[in-house]
There are 2 protein chains.
Amino acid sequence: MIKTTTGPGRPRRKDPDEVRQALIAAARDQFAQGSFKGVSVREIARAAGVNQAMVNYYFGDKRGLYEAMLQETIGPLIRTLEEAEARGEVARLEDLIPRHAATLAANPWLPNLIIREVLYGESEFRNLFIEKFASRVAAALRRAIDGGRDKGELRDDLDPRFGTLILFSLTIYPFVARPVVERAMGIPIDDAFAGRWSEQILQLLAPPKPPPEDEDP
Amino acid sequence: MIKTTTGPGRPRRKDPDEVRQALIAAARDQFAQGSFKGVSVREIARAAGVNQAMVNYYFGDKRGLYEAMLQETIGPLIRTLEEAEARGEVARLEDLIPRHAATLAANPWLPNLIIREVLYGESEFRNLFIEKFASRVAAALRRAIDGGRDKGELRDDLDPRFGTLILFSLTIYPFVARPVVERAMGIPIDDAFAGRWSEQILQLLAPPKPPPEDEDP
DNA sequence: GGGTATATTAAACGATCGTTTAAATAGTGC
DNA sequence: GCACTATTTAAACGATCGTTTAATATACCC
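Calculation rules
Residues numbered from 1 in each chain as written. Chains lettered and ligands numbered in written order. Predicted model: local features only at pLDDT ≥ 70, side-chain atom pairs only at ≥ 80, totals over all residues. Heavy atoms only, no water. Helix = DSSP H or I, 4+ residues; strand = E, 2+ residues; numbered from the N terminus. Buried < 20%, exposed > 50% of the residue type's maximum accessible area, 1.4 Å probe, protein only. Contact = heavy atoms within 4.5 Å. Areas by Shrake-Rupley, 256 points an atom, 1.4 Å probe, with all protein chains shown as cover. Axes fitted to C-alpha atoms, helices over the stretch in contact; angles between N-to-C directions. Parallel < 35°, antiparallel > 145°, perpendicular 65-115°, else oblique. Left-handed = near helix turned anticlockwise from the far one by under 90°. Nonpolar A, V, L, I, M, F, W, Y, C, P; charged D, E, K, R; others polar. Least-squares fit on C-alpha atoms with pLDDT ≥ 70 in both. Buried area = accessible area lost by both parts, 1.4 Å probe. Salt bridge = Lys/Arg side-chain N within 4 Å of Asp/Glu carboxyl O. pLDDT = per-residue confidence, 0-100. UniProt positions renumbered as here; feature names shortened; annotations may be inferred. Core = buried A, V, L, I, M, F, W, Y, C linked by side-chain atoms within 4.5 Å. Phe/Tyr/Trp six-rings, centres within 6.5 Å; stacked < 30°, edge-to-face > 60°.

> Please give an account of the overall build of chain A that cites residues and values.
Looking only at helices and strands, chain A features 10 helices and zero strands. Helices and strands in chain A line up, N terminus first, as α-α-α-α-α-α-α-α-α-α. Buried positions account for 47% of the 217 residues belonging to chain A. Long-range contacts, defined as pairs at least 24 residues apart, comprise 62% of the intrachain contacts of chain A with a sequence gap of at least 6. A total accessible area of about 11000 Å² is found for chain A, and carbon and sulfur atoms account for 49% of it.

Set out below in structure tokens:
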């Protein structure tokens, strides 16, 4: 029988990176549901199934864990976006918007982390976040808008700067406000939502199509 | 000369309601900038210029102060909206949207309080908030949308339920994301913004405009 | 002008927070 | 098998949190 001492020590060995990853994942979920101060290191460690001192051991302090979490969760998403952009896969709004909406829907922690970073006075790393995330998504949106505008695929009464803000608002808010949207508006935010919502957004930005019949592509 | 003792007691009398109001105002500003757990009772009391025990004396506990603050800050805005609605002043989207945007712009604490209530897992009083605020604004928006739709003032490819969500997203997000919008998109959120933004929103929802122009304001 | 309820204060309380520490175990190189 | 290092643990630390308390100065009533 294996003797388990109750005092300090090191009973079993896990892969150290496994502990690190468990902490990152737990922190990601916890910080998405609560504010930076509202989530305790003890909660995160318990959710990760590791001793709370591991936070300081691997990340220095709570802030270090938060920063590493942001880098290792949002970072890959940004990288994937930029690769897709480099391959020209998201040059058109018809491709970029559904992709962006699907990403927000597939990673439930993402919209909340974003909005907490964005919230005035709340973020611990807003500068970093704006540089590494918001400005790059904004740039991608802006490029797609400019491209669509040049090709006449966008309505002409749209200020391109406002266009970026419109797309940001429409893609992020519904996922952040999910409980309110579902309960006060009766709109279920389910698997099908991202697709239908993207279509609605694109329709809004499309040039007036139906009534007259003198259009030249 | 007035003798000021340093021990406990009651040095000077203020109007009790003045203390109460100071706490409400301080709580409103503090809770707009930080999360419920992120803001301390000591900070609020210091910002209000009163002893921290006054929070418990007047409101029972921190939660009571937060709840009273919500009631006494958002409550009047809702009441004013409903009165305007009863007088038929906001039946049309052209009236409701600029009014709503102006309210959000004129009360800098409002957008952040709203988004914190809306944030999943963050709110302390989401049920109350949804009942008393979100559902009423949503209803007003919905009525205006239905009215505009009946009169053909809205594009016909707009799902009315999505319409409400579109308006919610577009009116709240820019004010909440102010620092990001200004720095990552270069759009200043100043006094003129609410008006120009409202126009842009209304343009998006308007039906494809007729080719000739037969209207001049 | 004296008595009483109300408002205010500084201090203290217990709980929880993030972090540190000292001990102890498991792996690694020899 | 043995030293050595990395990893994990329970416990403790000081700080801060929300709240309570005891004391007391003020306003009000008669």
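> An account of the packing of helix α4 (residues 62–86) of chain A against helix α6 (residues 109–118) of chain A is needed here, citing residue identities and associated values.
Residue and element names in this part refer to chain A. Axis separation between α4 and α6 bottoms out at 12 Å; the angle between their running directions is 120°. On the basis of their axis angle, the class for α4 and α6 is oblique. Seen from above, α4 lies across α6 with left-handed handedness. Contacts from Tyr-66, Met-69, Leu-70, Thr-73, Ile-74 and Leu-77 of α4 reach α6 at Trp-109, Leu-110, Leu-113 and Glu-117. Partitioning the contact of α4 with α6 into residue classes produces eight nonpolar, one polar and one charged.

> So what's going on with the relation of the copies chain A and chain B? Residues and values would help.
Of the transformation placing chain A onto chain B, the axial shift is 0.0 Å and the rotation is 180°, giving an RMSD of 0.0 Å. Taken together, the turn and the small shift mark the pair as related by a two-fold rotation axis. A symmetric contact is evident, with 95% of the interface residues of chain A recurring at the interface of chain B.

> Describe the interface of chain A and chain B, with residues and values.
The interface of chain A with chain B comprises 57 residues on the first partner and 54 residues on the second. When chain A packs against chain B, close to 5200 Å² is buried across both sides, 69% of that on carbon and sulfur atoms. Looking only at chain A, the three residues that lose the most surface to chain B are Phe162(A), Leu165(A) and Tyr173(A), adding up to 13% of its buried area. At the junction of chain A and chain B, the tally comes to zero salt bridges. Contributing elements (two or more residues each) for the side of chain A that touches chain B: α1 (16–33), α6, α7 (126–150), α8 (160–176), α9 (178–184) and α10 (193–205) of chain A.

> Quick one: what's the story with the confidence of the model for chain A, residue by residue and with numbers?
For chain A, the mean per-residue pLDDT works out to 86, and 84% of the residues sit at or above 70. This stretch, residues 1–6 of chain A, has a pLDDT under 50; its non-local contacts, to residues over four places away or in other chains, come to zero contacts.

> Explain the UniProt feature "DNA-binding region" (unreviewed entry) in chain A residue by residue, including any values.
With numbering aligned to this structure, UniProt lists the feature "DNA-binding region" (unreviewed entry) at residues 40–59 of chain A. Each end of residues 40–59 of chain A is marked by a C-alpha atom, and these two atoms are 15 Å apart; helix forms 75% of the span and strand 0%.

> Account for the pattern of salt bridges, naming residues and giving values.
Applying the stated criterion across every chain yields a total of 18 salt bridges over all chains. With a shortest N-O distance of 3.4 Å, Arg178(A) and Glu182(A) are connected by a salt bridge. Here Arg178(A) pairs with Glu182(A), and both are found in helix α9, just four residues apart, close to one helical turn. Note on Arg178(A): relative accessible area 40%, which makes it partly exposed. Glu182(A) sits in the partly exposed class, given a relative accessible area of 30%. Residue Arg28(B) pairs with Asp29(B) through a salt bridge whose shortest N-O separation is 3.0 Å.

> Which residues make up the nonpolar core, and what are the values?
Note that soluble globular proteins tend to have their nonpolar side chains buried in a common cluster. Judged by nonpolar contacts, the single largest core of 144 residues is most densely connected at Leu23(A), Phe31(A), Leu23(B), Phe31(B), Leu93(B) and Ile115(B). Ignoring any residue separated from it by four or fewer positions in sequence, one finds Leu23(B) in contact with Ile44(B), Ala45(B), Ala48(B), Val50(B), Met54(B), Val55(B), Phe59(B) and Leu65(B).

> Got a sec to walk through α6(A)? Specific residues and values, please.
A large share of α6(A) lies buried, amounting to 10 of its 10 residues. All of the buried residues in α6(A) are Trp109(A), Leu110(A), Pro111(A), Asn112(A), Leu113(A), Ile114(A), Ile115(A), Arg116(A), Glu117(A) and Val118(A).

> Can you lay out the packing of aromatic side chains for me, pointing to particular residues and giving the numbers?
Aromatic rings considered in pairs are described by the distance between their centres and by the relative angle of their planes. In the structure shown here, the tally under the stated rule is 19 aromatic pairs over all chains. For the pair Phe162(A) and Trp197(B), a centre-to-centre distance of 5.2 Å together with 90° between the ring planes defines the contact as edge-to-face. Pair noted here: Phe162(A) is in helix α8 and Trp197(B) is in helix α10 (residues 193–205), and the two residues belong to different chains. Taking relative accessible area as the criterion, Trp197(B) reaches 0% and is therefore assigned buried. When the ring of Phe36(B) is compared with that of Tyr66(B), the centres are 5.4 Å apart and the planes differ by 85°; the resulting orientation is edge-to-face. Here Tyr66(B) lies in helix α4 (residues 62–86) and Phe36(B) lies in the loop between α1 (16–33) and α2 (41–48), a separation of 30 residues in the sequence. Of the two residues, Phe36(B) and Tyr66(B), neither departs from the other in class, the shared state being buried. Ring pairs connect the aromatic residues Phe162(A), Phe175(B), Phe193(B) and Trp197(B), which therefore count as one cluster.

> With reference to specific residues and values, describe the packing of α1(B) against helix α6 (residues 109–118) of chain B.
All names here are of chain B. Their axes nearest at 8 Å, the elements α1 and α6 cross at an angle of 60°. When the axis of α1 is compared with that of α6, the two are oblique. Between α1 and α6 lies a crossing whose hand is left-handed. Of the residues in α6, those in contact with Arg-28, Asp-29, Phe-31, Ala-32 and Gln-33 of α1 are Trp-109, Asn-112, Leu-113 and Arg-116. A class-by-class count of the residues in the contact of α1 with α6 yields four nonpolar, two polar and three charged.

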